[in-house]
Amino acid sequence: MAALGWLTPRRRSATARSVLAGEASAEAARKSSQEAEVPPSPDKGEEFPVHGDDRAAAFFDLDNTVMQGAALFHFGRGLYKRKFFDTRELAKFAWQQAWFRLAGVEDPEHMQDARDSALSIVQGHRVSELKSIGEEIYDEYMAERIWPGTRALAQAHLDAGQKVWLVTAAPVEIAQVIARRLGLTGALGTVAESVDGVYTGRLVGEPLHGPAKAEAVRALAAAEGLDLSRCAAYSDSHNDIPMLSLVGHPYAINPDAKLRRHAREMDWRLRDYRTGRKAAKVGIPAAAGVGAVAGGTAAAIALHRRRR
């Protein structure tokens, strides 16, 4: 397992470690995906998503885009409940989550601490153990925090016969659990090194954040034969501008202030599910519009505004 990490400022290009992290995540995502090919729909009347376009896919950020709050911190709560660490570490997790909720931005030191803490906590544990625990933690802390509006957007792509991937700095094992529970194709996430099925406490490359996310999407698209100009990406954070800029259909979901400004400058689509009101919209996919609005009004309470 691995954890969230604060890596790079908005404009910084990908490093060798970002490329390594992205390629490792893409490989893990393809190996874990068990979903069979969805037959294309004969209905090609929708403008977007285009039915039956097997060279298009959708990429969704997780924290505060698909789910309220940070997956890593919900996972930390579950590990504490199972006595993986003590109350001092729990207090640190709680403070970091509170910071997200109140400040609406990530703190670099918090992210570094969270990553290091998570790696030390799982070092020596089996990958299979953490996957099993992840299933339980999803039911306990995450299932009720899924934004219905964003879920409706993802479903529109699935209904069009397209693959849908989560892309997150959260541990790939946890991301895969969430993707499977939501009926998505799979997940790109931070890959932690393991030897003979046991975590070593080291990462492969770096956390999947910022430029590393873009590299993961690029690597997966190449392996899957996708045309990125026909793909869509969704995120709430300016840290994901590299990923959003890769695709032909970028969407700002529950955007932070920097992403909102950038999206308006670039004429990207906007949607906000943090309140009952609809955000100013620069277009919404026709196939998802009705379901997204209905889902958005049901998801009225935000736990925080984060990253990515």
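Further up the page is the structure itself.
So, here is what we can say about the structure in this document. Nothing here was measured: the structure is a model prediction, and the numbers come from that model.

1. Points about the overall build of the chain
And then number 1: Helices and strands together make up the secondary structure of the chain, namely 11 helices and 8 strands.
And then number 2: Among the 308 residues that make up the chain, the fraction classed as buried is 58%.
And then number 3: Sequence separation of at least 24 residues holds for 70% of the intrachain contacts in the chain that already meet a minimum separation of 6.
And then number 4: Accessible surface, the chain as shown: approximately 12400 Å² in total, 52% of it carbon and sulfur.

2. Let's talk about the side chain of Asp 256
And then number 1: One can find Asp 256 in the loop between strand 7 (249-253) and helix 10 (257-266).
And then number 2: The class of Asp 256 is buried, set by a relative accessible area of 8%.
And then number 3: For Asp 256, the side chain forms a polar contact with the side chain of His 238, separated by 2.9 Å.

3. Observations concerning unusual backbone geometry
And then number 1: Positive phi, close to 65°, is recorded for Asn 64, a residue that is not glycine.
And then number 2: Tracing the backbone shows Asn 64 in the loop between strand 1 (57-61) and helix 2 (71-81).

4. Points about helix 6 (residues 148-159)
And then number 1: Along its 12 residues, helix 6 runs 16 Å from first to last C-alpha, staying within 8% of the 16 Å computed at 1.5 Å per residue.
And then number 2: Among the residues of helix 6, those classed as buried are Gly 149, Thr 150, Ala 152, Leu 153, Ala 154, Ala 156, His 157 and Leu 158.
And then number 3: Gly 161 lies just past helix 6 and shows a positive phi near 85°.

5. Some remarks on the pattern of salt bridges
Where charged atoms from two side chains of opposite charge come close, those side chains can pair.
And then number 1: Under the counting rule described, the total for this entry stands at 15 salt bridges.
And then number 2: A salt bridge links Arg 181 to Glu 135; the nearest nitrogen and oxygen atoms lie 3.0 Å apart. A residue pair is termed long-range when its members are at least 10 positions apart, and Arg 181 in helix 7 (residues 172-181) and Glu 135 in helix 5 (residues 127-142) qualify at 46 residues.
And then number 3: For Arg 181, a relative accessible area of 33% puts it in the partly exposed group.
And then number 4: Across the pair Arg 202 and Glu 193 runs a salt bridge whose closest N-O atoms are separated by 2.6 Å.
And then number 5: Connected through shared salt-bridge partners, Lys 81, Arg 82, Glu 136 and Glu 140 make up one network.

Parameters at a glance
Residues numbered from 1 in each chain as written. Predicted model: local features only at pLDDT ≥ 70, side-chain atom pairs only at ≥ 80, totals over all residues. Heavy atoms only, no water. Helix = DSSP H or I, 4+ residues; strand = E, 2+ residues; numbered from the N terminus. Buried < 20%, exposed > 50% of the residue type's maximum accessible area, 1.4 Å probe, protein only. Contact = heavy atoms within 4.5 Å. Areas by Shrake-Rupley, 256 points an atom, 1.4 Å probe, with all protein chains shown as cover. Polar contact = N/O pair within 3.5 Å; in protein donor to acceptor, adjacent residues only side chain to side chain. Expected span 1.5 Å × (residues − 1). Salt bridge = Lys/Arg side-chain N within 4 Å of Asp/Glu carboxyl O.

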